[in-house]
Amino acid sequence: MAKKIENVGCPFCGVCCDDLVVTVSDDGKKILEVENSCIIGSTVFHRAMSERHTLPRLRQPDGTFKEISYDEAIDYTAKVLHNAKKPLIYGFGSTNCEGMAAAAKVAEQAGAVLDNCASICHGSSFLAIFDNGYPSCTLGEVKNRADVIVYWGANPAHAHPRHMSRYSIFPRGFFTGKGHKGRKIIVIDPRHTDTAQVADIHLQVQQGHDYDLFDAFRTVVRGHDIPDVVAGVKKEQIIEAVDIMKKARFGTIFYGMGLCHSDGRNHNVDIAISLTRDLNDFTKWTIMAMRGHYNITGPGAVWSWQYGFPYCLDLTKRDIAHMNPGETSSVDLAMREEVDAFINIGTDAAAHFPIEPVKRLRKHPWITIDPHPNMATEISDLHIPVGIVGVEVPGIVYRMDNVPIQYRNVIEPPEGVPSDEELFERIYERLCELEAEDAAREPAKAAPEGARAGE
Ligand code: SF4
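Structure report, in brief. (Residues numbered from 1 in each chain as written. Predicted model: local features only at pLDDT ≥ 70, side-chain atom pairs only at ≥ 80, totals over all residues. Heavy atoms only, no water.)

1. Quick word on empty space enclosed by the protein
Formally: Only protein atoms enter the 1 Å grid, on which a cavity is a set of points fitting a 1.4 Å probe that cannot get out and a pocket is an open set with protein on both sides within 12 Å along at least 5 of 7 lines, lining residues being those with an atom within 4 Å of a point. Grid points are joined across faces, edges and corners, and a volume is the space filled by probe spheres set on the points. Any residue that is not Ala, Val, Leu, Ile, Met, Phe, Trp, Tyr, Cys, Pro, Asp, Glu, Lys or Arg is counted as polar, Gly included; the first ten are nonpolar and the last four charged.
In the structure shown here, the tally under the stated rule is 3 cavities of 30 Å³ or more. Lining the largest cavity we find Cys10, Phe12, Cys13, Cys17, Ser37, Cys38, Gly41, Pro161 and Arg162. Considered class by class, the residues forming the lining of the largest cavity number 6 nonpolar, 2 polar and 1 charged.

2. Things to note about the sheet that holds strand 8 (residues 148-152)
Threshold: Two strands qualify as a pair provided DSSP detects at least 2 bridges between them. Numbered from the N terminus, helices here are DSSP runs of H or I no shorter than four residues, and strands are runs of E no shorter than two. Orientation is described by axes fitted as lines to C-alpha atoms, over the contacting stretch for helices, and by angles from 0 to 180 degrees between their N-to-C directions. Residue contacts are counted whenever heavy atoms from the two residues lie within 4.5 Å of one another.
Read from one edge to the other, the open sheet built from 5 strands follows the order 10-9-8-13-14, with strand pairing classed as parallel. At either end of the open sheet lies a strand with only one pairing partner, and these are strand 10 (201-203) and strand 14 (284-289). Neighbouring strand axes in the sheet, compared pairwise and without regard to direction, differ in orientation by 15 degrees on average. Where strand 13 (residues 250-255) meets strand 14, 6 bridges bridge the pair, whose relative direction is parallel. Paired with Gly251 across the strands is Trp285, a residue of strand 14. Strand contacts of helix 8 (residues 210-221): strand 8, strand 9 (184-188) and strand 10, with the helix running at about 155 degrees to strand 8, the strand carrying the most contacts.

3. Examining the packing of aromatic side chains
To keep things clear, this is the line we draw: Each pair of aromatic rings taken from Phe, Tyr and Trp, with Trp reduced to its six-membered ring, is defined by centres within 6.5 Å and is described as stacked if the planes are under 30 degrees apart, edge-to-face if over 60, and tilted in the remaining cases. A ring is scored as having a charge over it whenever the NZ atom of a lysine or the CZ atom of an arginine sits within 6 Å of its centre and within 35 degrees of its normal.
Evaluation of the coordinates by the stated rule reveals 12 aromatic pairs. Pairing Phe126 with Phe130 gives two aromatic rings, centres 6.3 Å apart and planes at 15 degrees, and the pair type is stacked. With Phe126 and Phe130 both in helix 4 (residues 123-132), this residue pair falls 4 residues apart, about one helical turn. One cation-aromatic arrangement involves Arg59 over Phe65; the distance from NZ or CZ to the ring centre is 4.2 Å. The cationic tip of Lys105 hangs over the ring face of Tyr428; the distance from NZ or CZ to the ring centre is 4.6 Å.

4. Observations regarding unusual backbone geometry
Glycine aside, a negative phi is what most residues show, and trans is what most peptide bonds show. Quick note on the threshold: For every residue, the accessible area (1.4 Å probe, protein chains only) is compared with the maximum for its type, and the residue is labelled buried under 20%, exposed over 50%, or partly exposed between those bounds.
Backbone geometry at Cys16 places phi at a positive 50 degrees, although glycine is not the residue there. For Cys16, the location among the structural elements is in the loop between strand 1 (3-8) and strand 2 (20-24). Note on Cys16: relative accessible area 1%, which makes it buried. A positive phi angle, close to 50 degrees, is found at Glu51, a residue other than glycine. Residue Glu51 is classed as exposed on the basis of its relative accessible area, which comes to 59%.

5. Structural notes on the packing of helix 2 (residues 70-83) against helix 17 (residues 420-441)
Which entries qualify depends on this criterion: For classification purposes, angles smaller than 35 degrees are called roughly parallel, those larger than 145 roughly antiparallel, those between 65 and 115 roughly perpendicular, and all remaining angles oblique. In this scheme the handedness of a crossing depends on how the near helix is turned from the far one: anticlockwise by less than a right angle means left-handed, clockwise means right-handed.
At their nearest, the axes of helix 2 and helix 17 sit 9 Å apart, and the two run at 55 degrees to each other. Overall, the two elements helix 2 and helix 17 adopt an arrangement that is oblique. Helix 17 is crossed by helix 2, and the crossing has right-handed handedness. Contacts between helix 2 and helix 17 involve Tyr70, Asp71, Ile74, Asp75, Thr77, Ala78, Lys79, Leu81 and His82 on the former and, on the latter, Leu423, Arg426, Ile427, Arg430, Leu431, Leu434, Glu435 and Asp438. Classifying every residue of the contact of helix 2 with helix 17 gives 8 nonpolar, 2 polar and 7 charged.

So this is what it looks like as structure tokens:
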């Protein structure tokens, strides 16, 4: 008989819906139905078994792939890391925290740079938060308390489809019993997005001028005059929006890539935080980044706990972690050609990086660890398939509001296919063996404690 599994977490976007109900076949091998998810989440489960490889694939001299065993793939990866002077291990948007911690062990042992997708998305948020703090809250507080919602440079209708129905606009909460009817929605975006269509107010900010508009908001909040038009938005519209914001009982600004990836970048987020702080002189306001992948908040949490830094971690000195975005960030390292081996895990660097760093990274060994084929796997020297977190592998993920959630698996991975955590643990063991072999072969030249062999 088919089995229904409740409270399943969705391994796609940062909303981390954990109310899915998944029906699996009586032998526990097939996913038959997914309830409560959006179409994207449903597709993640239904396509789990399609386009899968169940063995690693190694590139051959003629350019084709040949299937090899997991032991061979682990040996290959450990040797690549062992022989590289400065390997880069990047990605982690789509794996669990256990996998991230295991990868960090490998990075430390190999003397690698450890970086995650924030490097090319919300890294600018980190910089602003370091400077200006993060007056945030949980999504549960938004659902139960918020009566004014601002989406700035974010389009959840497409990128986070259940964000509005689960937490921000539509749900009825403890103090928000009227749901949508009791809330005011302000969307600030240069485009008339689908999110803007459900807003009470849509301010069509001029592309790249968000900072100016924030500045105008802050000026009005403090009771000063502004020009007739700022960043393409009329003074009356700004005054109307600020009036609504000041009268809120509890407000939240959700911001997305429209701030982080337009002119101003971290300064846009910085001034958004300052506006939130200003509004707290009048009422309760909070701010939250719309994180993309379901566990891209995870590496920030795991590595900050382990090393004190959330991303761009240079572990090449082994005894000390060093973070300096611009210097130790993946794209910058690739552009300066400092990296001589690349491990891409749980993300598609070939699709997300600009083409030039991809070309430069491709000059050296490139290994991709991912359940499914993608652009990165197809240009890699080695593709190692792993189990799908949230579908085949359980584990902890961090929702966009930094709340950890225990995900479960609904089916088992294909026989012999390891989880990211198991894979990195085995790479770590092989790496230690290689170092021990070096030390036994040439004890006089063996690497001293705390330094990498070969350096
Ligand atoms: S909103 Fe995001 S987390 Fe929720 S079901 Fe859709 S894709 Fe999954």
